[in-house]
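Results of the structural survey
So the chains spell out like this:
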Amino acid sequence: MKQFLKNAGFLVCVLGLVLWGCSENSTEPDTYPKTDKEAINMLMEENSSYFNIQTHYGEEDTTGGKYGKSSYINTCFWYRELHAYPSINITIDIVGDSAYVTWIGTHNGILHLFAPDTDTILHFKKDFTDKGERYAVFKRIYPVDNDSIHRRGWRLV
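Read on for a plain summary of the structure. Remember, predicted model here, so these are calculated numbers, not experimental data.

1. With respect to the packing of aromatic side chains
Enumeration according to the criterion identifies two aromatic pairs in this entry. Taking the centre distance of 4.6 Å and the plane angle of 20° together, the rings of F77 and F114 count as stacked. One end of the pair, F77, is in strand 1 (residues 77-82); the other, F114, is in strand 3 (residues 98-116), and 37 residues separate them in sequence. Aromatic pair Y79 and F114: ring centres 6.2 Å apart, planes at 15°, arrangement stacked. Separated by 35 residues along the polypeptide, Y79 in strand 1 and F114 in strand 3 bring together distant segments of the chain. You can call Y79 partly exposed: its relative accessible area is 25%. We classify F114 as buried; its relative accessible area is 13%. Three or more aromatic residues joined by ring pairs form one cluster here, namely F77, Y79 and F114.

The following block contains the structure:
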């Protein structure tokens, strides 16, 4: 019986090592892109200041004054409130070692205007839609396997 338990324990250890050692081993971490489009999307996320038109929303403007003869509201300050989840469409066309990207974002929100009245401040609200477009060209500058930032050789040019 002791011999059977020894052999069974040994078999369990060997089986455990075999199963543990046979797992899929990848040389690339999960953060590395698998396709060219995935690499270009990662570069766009890393350059979010270029592929973004919502960074100026919410900042109030205190310049005041009339903005033309047809303006009837003399604002003392205003700001824009952006609704969550803007609609963003990205088109990537890869031609040889170049990728042509069109980024279109549609943002909806509320424009808040504050204007002085005799002894109070009036608050006006207006819905707005803002559409921004960005165009970019990415070039494959480095070989796929020899890219220091692991973006399959693509760079924003």
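2. Considering the environment of P116
In this fold, P116 is placed in strand 3. Once residues lying within four places of it in the same chain are set aside, the contact partners of P116 are N74, T75, C76 and I121.

3. What about the environment of N74?
Mapping N74 onto the fold places it in the loop between helix 2 (36-46) and strand 1. Linking N74 and P116, residues 42 residues apart in sequence, is a C-alpha distance of 7.4 Å.

Procedures and definitions
Residues numbered from 1 in each chain as written. Predicted model: local features only at pLDDT ≥ 70, side-chain atom pairs only at ≥ 80, totals over all residues. Heavy atoms only, no water. Phe/Tyr/Trp six-rings, centres within 6.5 Å; stacked < 30°, edge-to-face > 60°. Helix = DSSP H or I, 4+ residues; strand = E, 2+ residues; numbered from the N terminus. Buried < 20%, exposed > 50% of the residue type's maximum accessible area, 1.4 Å probe, protein only. Contact = heavy atoms within 4.5 Å.

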